[in-house]
Amino acid sequence: MTQTYISDIAAQAGETVELRGWLYNFRSSGKLKFLLLRDGTGIIQCVLSKKEAPDAVWEASETLAQETALILRGKVNQDDRAPGGFEIWLSDLQIVGASVDYPITLKEHGDAFLLDNRHLWIRSKKQHAVLRVRHQVIKAIRDFLDDRGFINFDAPILTPNASEGTTTLFKIDYFGENAYLSQSGQLYQEPGCAAFGKTYCFGPTFRAEKSKTRKHLTEFWMVEPEVAFMELPELMELAEDFICFIVNRALDRCQPDLEVLERDLEPLKRVQKPFPRMHYNDASKLLRDKGLPFTHGDDFGAPDEEAITAGSDRPVIVHRFPAAIKAFYMKPDPVDPTLSLSMDVLAPEGYGEIIGGSQREDDLKVLEEKIHEHKLPREAFEWYLDVRRYGTFPHSGFGMGLERTVSWICGIHHIREAIPFPRMIHRLKP
RNA sequence: UCCUCGGUAGCUCAACGGCAGAGCGGGUGGCUGUUAACCACUAGGUUGGGGGUUCGAAUCCCUCCCGGGGAGCCA
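Quick caveat, the model's predicted, so the values are computed rather than measured.

### Thoughts on the overall build of chain A
- Along its length, chain A carries 13 helices and 16 strands.
- If you line up chain A on its principal axes, its C-alpha atoms span 85 × 55 × 40 Å.
- Within chain A, the proportion of its 430 residues that are buried is 51%.
- In chain A, 65% of the contacts between residues at least 6 apart in sequence involve partners at least 24 apart.
- Between the mean site of the 53 positive side-chain charges and the mean site of the 64 negative ones, chain A shows a separation of 4 Å.

### Some points on unusual backbone geometry
- Here K273 and P274 are connected by a cis peptide whose omega angle stands at -10°.
- Note that P274 resides in the loop between helix 8 (266-269) and strand 12 (277-279).
- Each neighbour pair has its own omega, and for K429 with P430 the value is -5°, a cis peptide bond.
- By the secondary structure assignment, P430 is in the segment after helix 13 (402-410).
- Positive phi is not limited to glycine here, since E262 has a value of about 55°.
- Mapping E262 onto the fold places it in the loop between helix 7 (255-260) and helix 8.
- Given a relative accessible area of 73%, E262 falls into the exposed group.

### Examining the nonpolar core
- Core analysis: the largest hydrophobic core is formed by 50 residues, its most contacted members being I141, F242, I243, M343, F398, W408 and I409.
- Elements that contribute at least two residues to this core include exactly helix 4 (125-147), strand 10 (198-206), strand 11 (219-228), helix 6 (232-253), strand 14 (342-347), strand 15 (352-359), strand 16 (395-401) and helix 13.
- Per-element tally for this core: the top contributor is helix 6, with twelve residues.
- If we skip the residues at most four places from it in the chain, I141 touches F202, V223, F242, I246, M400 and L402.
- The next biggest cluster of nonpolar side chains, apart from the first, holds 21 residues, and it includes L19, I44, A53 and V76.

### Examining the protein's contact with RNA strand B
- Taken together, 54 residues surround RNA strand B, and among them N25, R27, H109, R207 and R404 come closest.
- Sugar and phosphate atoms form 46% of the subset of RNA strand B atoms that lie within 4 Å of the protein.
- I355 places a polar main-chain atom, nitrogen or oxygen, 3.1 Å from a sugar or linking oxygen of RNA strand B.
- Of all the secondary-structure elements, those providing two or more residues to the surface near RNA strand B are strand 1 (16-28), strand 2 (32-38), strand 5 (86-97), helix 2 (111-116), strand 11, helix 10 (302-310) and strand 15.
- With four residues, the top contributor of residues to the surface near RNA strand B is strand 15.
- Here the surface near RNA strand B is composed, by residue class, of 15 nonpolar, 17 polar and 22 charged.

### A look at the pairing of strand 16
- Counting buried positions over the seven residues of strand 16 gives seven, a clear majority of the element.
- Note: strand 11 against strand 16, five bridges, orientation antiparallel. The partner of E226 across the bridge, within strand 16, is G397.
- The sheet contact formed by strand 15 and strand 16 spans five bridges and is antiparallel. Within strand 16, the position partnered with I355 by the bridge is M400.

### Observations concerning the sheet that holds strand 2
- Read around the closed barrel, the five strands follow the order 1-2-3-5-4; overall the barrel is mixed. Averaged over all pairs of adjacent strands, the angle between strand axes in this sheet comes to 55°, irrespective of strand direction.
- In terms of strand pairing, strand 4 (residues 69-78) meets strand 5 through ten bridges, oriented antiparallel. When the sheet's bridge partners are listed, K75 is paired in strand 5 with W89.

### Re the sheet that holds strand 8 (residues 171-174)
- Ordered by their spatial adjacency, three strands build an open sheet running 7-9-8, and the pairing between neighbours is antiparallel. The open sheet has two edge strands with one neighbour each: strand 7 (158-159) and strand 8.
- Bridge analysis of strand 7 against strand 9 (residues 177-181) gives two bridges, and the strand direction is antiparallel. Residue pairing in the sheet places T159 in a bridge with Y180 of strand 9.

### Remarks on the pattern of salt bridges
- In this structure the tally under the stated criterion is 32 salt bridges.
- A salt bridge links K331 to E361; the shortest N-O distance between them is 3.9 Å. One end of the pair, K331, is in the loop between strand 13 (316-319) and strand 14; the other, E361, is in the loop between strand 15 and helix 11 (364-373), and 30 residues separate them in sequence. Note on accessibility: K331 and E361 belong to one class, buried.
- The closest approach of N and O atoms between E368 and R378, which form a salt bridge, is 2.9 Å. Of this pair, E368 sits in helix 11 while R378 sits in the loop between helix 11 and helix 12 (382-389); the two residues are ten residues apart in sequence, bridging distant segments of the chain.
- On the accessibility criterion, E368 (22% relative accessible area) is partly exposed.
- Linked by salt bridges that have partners in common, E368, R378, E382, D386 and R389 make up one network.

Cut-off values and rules
- Residues numbered from 1 in each chain as written.
- Chains lettered and ligands numbered in written order.
- Predicted model: local features only at pLDDT ≥ 70, side-chain atom pairs only at ≥ 80, totals over all residues.
- Heavy atoms only, no water.
- Helix = DSSP H or I, 4+ residues; strand = E, 2+ residues; numbered from the N terminus.
- Buried < 20%, exposed > 50% of the residue type's maximum accessible area, 1.4 Å probe, protein only.
- Contact = heavy atoms within 4.5 Å.
- Lys, Arg positive; Asp, Glu negative; His and termini not counted.
- Charge placed at Lys NZ, Arg CZ, Asp CG, Glu CD.
- Core = buried A, V, L, I, M, F, W, Y, C linked by side-chain atoms within 4.5 Å.
- Near = heavy atom within 4 Å.
- Polar contact = N/O pair within 3.5 Å; in protein donor to acceptor, adjacent residues only side chain to side chain.
- Nonpolar A, V, L, I, M, F, W, Y, C, P; charged D, E, K, R; others polar.
- Pairing = 2+ DSSP bridges.
- Axes fitted to C-alpha atoms, helices over the stretch in contact; angles between N-to-C directions.
- Salt bridge = Lys/Arg side-chain N within 4 Å of Asp/Glu carboxyl O.

Honestly, it's all geometry; don't read function into it.
So, in structure tokens, the structure goes:
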């Protein structure tokens, strides 16, 4: 008999089906048992009656425990008393794999315990929903870029040099040489877009920052598009379209999961073009007017980001940050060279920065000076300078953090739930 | 790295200087419509490690270890 998935059960009403999965929970009422079966596509209630089931089946059901792997057969019956409106009247039950003392119960648990049991926690309803949304967001990211003619051009994860600074890198031994885990694929996208016009990389990146906040992981996924001949205003439009597409896709395909997460959909529905643009100088003034202890010239802290997005029901784009606090490769603003042609997209509802990007410096001389100023090893960047030596051109790109985006869309409190196996300062297992 | 909170049964917590307990989970029994089912009984402990104060320490002090929350930085 072929396997039926729980997600398809409504179409099988009245039929006898075979389900394969794991026991989510069970309740017994003497001669009547209720089994909740989970198969990855959903959860369904199965009913077992001592009077109607074969004796061997009833006996087998006496040994059931949470997460026992099962093959069940029975008739699909519509019944309002069943969660979901359908239940299975069992005629056969086969134990595939026993489960003894499953640690995660349906009651409350602490964060540390759940993280230690992350490999099992992902079977729980909420975690399951978040990771399904993550899957759809990943697909939306690729669909958006692919449909616009971008080429997937992945950057290396083992790199010989730092792209932004040297304090936040994981250092590893590479056959006796120093190598680092990539903290951004951005430098490699620039030769990429010179070859293909529009490229993106999408993969894990690593930051050895000793951060302990709900917005930080030491290993996270980032998508980084880069476009030849694009300047800052169009880059902001690209970011805006990108986010709208992703949020709409989630609303379109993830409603049941967002319901499990009790996500209020109204704020997501309001995520539409155009996003407000705010010059750094205006953002700085706004913060000081609001009485926040903000120093003009600094980057924004978490309370600053919240204050900036507080008045908006959609993401806010802040542009032209001071050059001094941004990476060496960002192009200065011709209007005020102390500022850079950079932009951040801040998500509403307190989720903060989800995108950071800029127009890149395309002048060889200026870039050489910047590398010198930042005390970066010149020889490590010769290949990067070649992009300016051989047909230089204006170009722009940004990076979007996948887990921050998923957290925002799901409305979850901590970014660690937005990735299957989170890596944080005090957590390398499981 | 800094600030802050915590570590007691498998899990979530209580006891806060005087006999270490409850709920869930486990086990046994009961119940033909349960919804994190319910009811009864039952097993389960070197109170994170070390040191100190005290007649007496889970409780107070010192120290180490481990973790949660937050900050800076960033996506």
